[in-house]
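What follows is each chain in one-letter form.
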Amino acid sequence: MAVRLLPKVTGLRFNQDRSCFCCATETGVHIYNVQPLVEMRHLDHRQVGTLGLVEMLHRSNLLALVGGGRNPIFAIISVMIWDDAQPGKDSKDKLMYEFTFPQPVLAVRMRPDKLVVVLRNIIYVFSFPNDPKKLFQFNTQDNPQGICDLCHSPEKQLLVFPGLQCGSLQLEDLAGPQPGASSAPVTIHAHQSPVACVSLNPSGTIVASASQKGTLIRLFDTQSKEKLVELRRGSSPATLYCINFSHDSSFLCASSNKGTVHVFALKYTHLNRRSMLAGVRTVGPLLRQYVSSQWSLASFTVSAESACICAFGHSASQDVKSVIAICDDGTFHKYSFTLDGKCSREAFEVYLDICENDF
């Protein structure tokens, strides 16, 4: 019996409201609806080649594509804006714009009025999609992972990325009255180690971040810079892949290379677990931070060998919530959790099998 090998996944991203995700593979691009899990679109590798990055704009026909993998058609230093609604099947029929840069593109973020392109030491912001013009250019600390996040709320045009000082976050308001005129940047001193992961809540009022150590997730108010809460993922170092807020910012989920997806309560933090030593008064100062930490309300495991992105699903009940985890080994996981921390699997799929007939 022959074993069918799944194509290698080179990129995974949710869209802005986490209702869809896009997957770049060696066979092209696949775009899926999350609930229910169905393939919405497929761009064949003969059209787009192999890609390193794909970014969606909500549920629209616009995609940002960056070349990568074994057989790219597009350069790794260029962002190609693809309009799937244009007639024709050739790449030249679908391509709206090409943005070319002096270094490889590490990340792309979009909102209906802005395009953000992240290089290793520079971030560019363009007006978008009509008659794009460069609005801002920010110099950054060395940022080899292209770490940044962009608020998609119509009321808040906030961009966050690692600041020039190690462990800091820089927040930029992109709603300047004229091109190049952003308000004064806000700097938050979040960690002692380099920043490894950042996420803005849907309204742009809270930013969550983790350092390369990966044991703590800290949340800050984006206006006052006040630290709101500190959440403990674990006691051993880890690489965080993803941090996401629920739609109402009541919960936060995070995934790492430990193969565990953690869920924390934000609105009612008393739901989070505490150390059994939390009530012991004789704990020394070195252990006090550890035992006073808030640990995850609920958690579940996926393959530790696979990178994973996670987000909250739409729940049918106030008392039962759901979390989606999508891994680069081609698997889709949906778990429900209750407010008392009970977690159970609702769905498991190999999402690449859904488009099996396209290979």
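**Details of the overall build of the chain**
A count of helices and strands for the chain gives four helices and 30 strands. Rg of the C-alpha trace for the chain: 21 Å, near the compact-globule value of 21 Å for 359 residues, within the 12% margin. Taken along the three principal axes of its C-alpha coordinates, the chain extends 70 × 60 × 35 Å. In the chain, which comprises 359 residues, the proportion classed as buried is 53%. Of the side chains in the chain, 34 bear a positive and 31 a negative charge, and the two mean positions are spaced by 8 Å.

**What about the nonpolar core?**
One finds Leu-12, Phe-21, Val-323, Ile-326, Phe-332, Phe-337 and Tyr-351 to be the most contacted residues of the largest nonpolar core, which totals 33 residues. Apart from residues lying up to four places away in sequence, Val-323 is in contact with Cys-253, Val-261, Val-263, Phe-300, Ala-311, Phe-312, Gly-313, His-333, Lys-334, Tyr-335 and Phe-337. Listed in part, the 18 residues of the second largest apolar core include Leu-62, Ala-64, Val-66 and Met-110.

**Regarding the sheet that holds strand S1 (residues 9–14)**
Pairing is antiparallel in the open sheet, where four strands are placed in the order S1-S2-S3-S4. Of all strands in the sheet, those bounded by a partner on one side alone are S1 and strand S4 (38–44). Neighbour-to-neighbour, the strand axes of this sheet turn through a mean angle of 15°, independent of strand direction. Here strand S3 (residues 28–33) runs beside S4; their pairing, made up of six bridges, is antiparallel. From the neighbouring strand, His-30 faces S4, where its bridge partner is His-42.

**Some details on the packing of aromatic side chains**
Taken as a whole, this structure holds 14 aromatic pairs when the rule is applied. Ring geometry for Phe-101 and Tyr-124: centres 5.3 Å apart, planes at 35°, overall tilted. On the criterion of sequence distance, the pair formed by Phe-101 in the loop between strand S8 (95–100) and strand S9 (107–111) and Tyr-124 in strand S11 (residues 122–127) is long-range, its members being 23 residues apart. Exposure class is identical for Phe-101 and Tyr-124. Each is buried. When the ring of Phe-300 is compared with that of Tyr-335, the centres are 4.0 Å apart and the planes differ by 10°; the resulting orientation is stacked. Of this pair, Phe-300 sits in strand S26 (residues 298–301) while Tyr-335 sits in strand S29 (residues 331–338), and the two are 35 residues apart along the sequence. The burial state of Phe-300 is the same as that of Tyr-335; both residues are buried. Put simply, the rings of Tyr-97, Phe-99, Phe-101, Tyr-124 and Phe-126 touch in pairs and so form one group of aromatic residues.

**Some remarks on the environment of Arg-345**
Along the chain, the position of Arg-345 falls in strand S30 (residues 343–350). For the pair formed by Arg-345 and Phe-300, sequence separation is 45 residues and the distance between their alpha carbons is 8.6 Å. Leave out the neighbours within four places in its chain, and Arg-345 touches Lys-334 and Tyr-335.

**Considerations on the sheet that holds strand S23 (residues 260–265)**
Reading across from one edge, S21-S22-S23-S26 is the order of the four strands in this open sheet, with antiparallel pairing throughout. Every other strand in the sheet has two partners, leaving strand S21 (240–245) and S26 as the edge strands with one partner each. Across the sheet, the mean angle from the axis of one strand to that of its neighbour is 15°, orientation sign disregarded. As paired elements, strand S22 (residues 251–256) and S23 share five bridges and run antiparallel to each other. Among the inter-strand pairings, Ser-255 is bridged to a residue of S23, identified as Val-261.

**Here we look at the side chain of Ser-19**
Topologically, Ser-19 is positioned in the loop between S1 and strand S2 (20–25). At 2.6 Å, the side chain of Ser-19 and the side chain of Asp-17 are in polar contact.

Conventions adopted
- Residues numbered from 1 in each chain as written.
- Predicted model: local features only at pLDDT ≥ 70, side-chain atom pairs only at ≥ 80, totals over all residues.
- Heavy atoms only, no water.
- Helix = DSSP H or I, 4+ residues; strand = E, 2+ residues; numbered from the N terminus.
- Rg over C-alpha atoms; globule rule 2.2 N^0.38 Å.
- Buried < 20%, exposed > 50% of the residue type's maximum accessible area, 1.4 Å probe, protein only.
- Lys, Arg positive; Asp, Glu negative; His and termini not counted.
- Charge placed at Lys NZ, Arg CZ, Asp CG, Glu CD.
- Core = buried A, V, L, I, M, F, W, Y, C linked by side-chain atoms within 4.5 Å.
- Contact = heavy atoms within 4.5 Å.
- Pairing = 2+ DSSP bridges.
- Axes fitted to C-alpha atoms, helices over the stretch in contact; angles between N-to-C directions.
- Phe/Tyr/Trp six-rings, centres within 6.5 Å; stacked < 30°, edge-to-face > 60°.
- Polar contact = N/O pair within 3.5 Å; in protein donor to acceptor, adjacent residues only side chain to side chain.

Nothing here speaks to function; it is geometry throughout.
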